[in-house]
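# Residue-level structural notes
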Amino acid sequence: MNFDAIIESLPMYATGIGTTLQLLAVSLVAGLLLAMPLGIARASGNVWISRPVWMYTYVIRGTPMLVQLFLIYYGVAQFEWVRLSVLWPLLSSAWFCAVLAFTLNTAAYTAEIVAGAMRAVPYGEVEAANSLGMSKLQVLTRILLPSAVRRALPAYSNEVIMMLHGTALASVVTVMDLTGAAREMNSRTYLPFEAFLTAGACYMLLTFSLVGLFHFAEGRWLQHLAPRKNSSDVRGVVLATAPRI
Amino acid sequence: MNVFLRGLIVAASVVLFGGPAAFANAQAKKVRLGVEGAYPPFSEIDKGGQLKGFDIDIANALCAQMKVECVFVQLAFDGMIPALNSRKIDAVVASMSITDERKKAVEFTDKYYKTPARFVVKQGSTLEATAAGLKGKRVGVQRSTIHDRFVGENFKSADIVRYTKQDEVFLDLASGRVDAAVLDMIAAQVGFLKTPQGKNFHFVGPVYDDPKYFGYGAGIALRKGDNSLREDFNKAIAAIRANGIYKKIQDVYFDFDVYGAAAATAAAAVTNAAAKK
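Let me sum up the structure you'll find in this document. These figures come from a predicted structure and were not determined experimentally. (Residues numbered from 1 in each chain as written. Chains lettered and ligands numbered in written order. Predicted model: local features only at pLDDT ≥ 70, side-chain atom pairs only at ≥ 80, totals over all residues. Heavy atoms only, no water.)

## A look at the overall build of chain A
Across its full length, chain A holds 10 helices and zero strands. For chain A, buried positions account for 45% of its 245 residues. Considering only intrachain contacts with a sequence separation of at least 6, the fraction spanning at least 24 residues in chain A is 76%. Carbon and sulfur atoms make up 69% of the accessible area of chain A, which amounts to about 13000 Å² in all. (Helix = DSSP H or I, 4+ residues; strand = E, 2+ residues; numbered from the N terminus. Buried < 20%, exposed > 50% of the residue type's maximum accessible area, 1.4 Å probe, protein only. Contact = heavy atoms within 4.5 Å. Areas by Shrake-Rupley, 256 points an atom, 1.4 Å probe, with all protein chains shown as cover.)

So this is what it looks like as structure tokens:
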């Protein structure tokens, strides 16, 4: 192990972590904003609303994110009219292409998570709300969504961690993220073990920080579904909260 | 345990643990050569999926001369030296320039060719190949190459964009994502300028061949201490130079002497070739 080479490269890794977190944050926020309406539509009883969303998530979840990124970065740039369009300043940026691919990808997965969580809301709660005379919108905003969003937390924490790892793909389209820093160190020092081990350690640190954040969030907003403490009468739902890493 | 399952476990353990090592021992004469396959005209994949190019022909000629069986292993350029040092391959025949920096990590044979480097930009571009002219400009290079180092150390004000493969640089140069590229003149000429993709592009600025960055020509990289293999390669290079096989191969690809090519001669030859096309 060549620790000097690692220490020398640490500033590069720090910049890489910044880029990785930025990619992650922007695509998660944009993806979530897209996923909420998509997920509600996906859970809708009306096939004209749910089918198109199903098509979208089917296509995105059925193809690797790397292929999607290549299509956006290299594929779209092949067409002259794209290069002459007003969108080119955006699409010519590797960073933007990466964020676009990640956003479309996470939106599809998150929409399925949201739809699944909405279906998991006990129907009795919806019936009760109906019998109280709530409108469809009221049922959605007062009963379904608050419950579904809480239930979706454990599954969504997995998605966030998968996305963190997924951002490593940005390095193949020249973005200098954490993996890009490792590749750069590898190409300068010819020490692949040290280079990628350092990147691995950084990713692990980020992963466990995110896991910690979600544990805190679950403790705060999912208490009502946790098994009852200090009691033999365990009637609560046991949630598998450990994220799949 | 049934026979099939046992067979499967044996096969899996051979693949997992003993595979490469057992193979290398059983066939000591096999030399594994790392080649790139994405660097025309030196190394590329033809339509039938076969490797071809100057590097490949030279490698085949050297192996025939040395009377050893060679196996080509296709790798990304930035993975060559790590693969060599972790014994996944035994030699690198990938247009790798002999530089003092690389000599710290690996050993080299004598050179087998030498060509200079230059900037490529779009026709009509006002970009100047100076520190001031490149300030904030996006310059595409292949990662881990001499060109990567050269731009990194001489044009720190430029925004260097690093790619794994040379053809990715060409794609982004053509689409305008990078303002310029620095690369080997022959690779630029054959791989880009002569193709439809590069028809509106041309060379600018001086011809570069400073040994400090560009080394002493392309050689075959070997692991440190692998002296007998290096001696064999050196003798084979000298032999094919002497017996005319080198000349025969180089004439297929180049209409000038790619072995000695002083920067100016090569540059003139490339420019003439460009004028002809």
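Okay, back to it.
## Considerations on the state of the cysteines
Residue and element names in this part refer to chain B. Evaluation of the coordinates by the stated rule reveals one disulfide over all chains. Put simply, C63 and C70 are joined by a disulfide, and their sulfur atoms are 1.8 Å apart. Handedness here is read from the sign of the S-S torsion; for C63 and C70, about -90°, the answer is left-handed. We note that C63, like C70, is buried. (Disulfide = S-S within 2.5 Å.)

## Some details on the environment of A:A199
All names here are of chain A. As for its position among the elements, A199 is in helix α10 (residues 192-221). C-alpha of A199 to C-alpha of T179: the two residues are 20 residues apart in sequence and 6.4 Å apart in space. Those residues within four positions of A199 in sequence are excluded, and the remaining contacts are Y13, L178 and A182.

## Here's the deal with the packing of helix α2 (residues 54-66) of chain B against helix α9 (residues 227-242) of chain B
All names here are of chain B. Between α2 and α9, whose axes approach to 9 Å, the crossing angle comes to 105°. Classified by the interaxial angle, the pair formed by α2 and α9 is roughly perpendicular. The residues of α9 that touch α2, namely those facing I58, A61, L62, Q65 and M66, are L229, D232, F233, A236, I237, A239 and I240. Of the residues assigned to the contact of α2 with α9, the class counts are 10 nonpolar, one polar and one charged. (Axes fitted to C-alpha atoms, helices over the stretch in contact; angles between N-to-C directions. Parallel < 35°, antiparallel > 145°, perpendicular 65-115°, else oblique. Nonpolar A, V, L, I, M, F, W, Y, C, P; charged D, E, K, R; others polar.)

## Re the packing of helix α6 (residues 94-119) of chain A against helix α8 (residues 136-166) of chain A
A pair of packed helices is captured by two measures, namely the crossing angle of their axes and the spacing between those axes. Residues and elements named next belong to chain A. At a minimum axis distance of 8 Å, the contact between α6 and α8 shows a crossing angle of 140°. Our classification of the angle between α6 and α8 gives oblique. As α6 runs across α8, the sense of the crossing is right-handed. Taking contact as the criterion, the partners of F102, N105, T106, Y109, T110, I113, A117 and M118 in α6 are, on α8, L140, L144, L145, A148, R151, A152, A155, Y156, E159, M163 and G166. Residues that form the contact of α6 with α8 fall into these classes: 13 nonpolar, four polar and two charged. (Left-handed = near helix turned anticlockwise from the far one by under 90°.)

## A closer look at the interface of chain B and chain A
Every contact between the two is made by 19 residues of chain B and, on the other side, 18 residues of chain A. Of the roughly 1600 Å² buried at the junction of chain B and chain A (both faces included), carbon and sulfur atoms supply 47%. Per-residue buried area on chain B facing chain A is highest for B:R143, B:R162 and B:R177; these three make up 35% of the total on that side. On inspection of chain B and its partner chain A, the count reaches one salt bridge. The closest approach of N and O atoms between A:E184 and B:R162, which form a salt bridge, is 3.4 Å. Remark: the boundary between chain B and chain A carries eight residue pairs in polar contact (both at pLDDT 80 or more). Elements supplying a minimum of two residues to the side of chain B that touches chain A: α3 (80-85), α4 (100-103), β9 (159-163) and α6 (166-175) of chain B. Looking at the side of chain B that touches chain A, the element that brings in the most residues is α6(B), giving five residues. In terms of residue class, the side of chain B that touches chain A is built from seven nonpolar, three polar and nine charged. (Buried area = accessible area lost by both parts, 1.4 Å probe. Salt bridge = Lys/Arg side-chain N within 4 Å of Asp/Glu carboxyl O. Polar contact = N/O pair within 3.5 Å; in protein donor to acceptor, adjacent residues only side chain to side chain.)

## Some thoughts on the nonpolar core
Nonpolar side chains tend toward joint burial in soluble globular proteins. Counting residues in each nonpolar core, the largest one holds 96 residues, and the members touching the most others are A:Y13, B:L33, B:F54, B:Y113, B:V120, B:I220 and B:F233. A total of nine residues in this core trace back to one element, the largest contributor, which is α10(A). Each of two domains, domain 1 (3-114 + 215-262) and domain 2 (117-208) of chain B, supplies a minimum of three residues to this core. In this structure, B:F54 is in contact with B:P41, B:F42, B:Y112, B:Y113, B:Y246, B:I249, B:Q250, B:Y253, B:F254 and B:V258, ignoring residues within four places of it in sequence. (Core = buried A, V, L, I, M, F, W, Y, C linked by side-chain atoms within 4.5 Å. Domains from an automatic or database assignment.)

## Considerations on the side chain of B:Q142
Residues and elements named next belong to chain B. The residue Q142 is located in strand β8 (residues 138-142) in this model. On the basis of relative accessibility, which here comes to 2%, the residue Q142 falls in the buried class. At a separation of 3.2 Å, a polar atom in the side chain of Q142 contacts the main-chain carbonyl oxygen of T164. Not counting residues within four places of it along the chain, the set of residues in contact with Q142 comprises E36, Y39, F77, D148, Y163, T164, K165, Q166 and V169.

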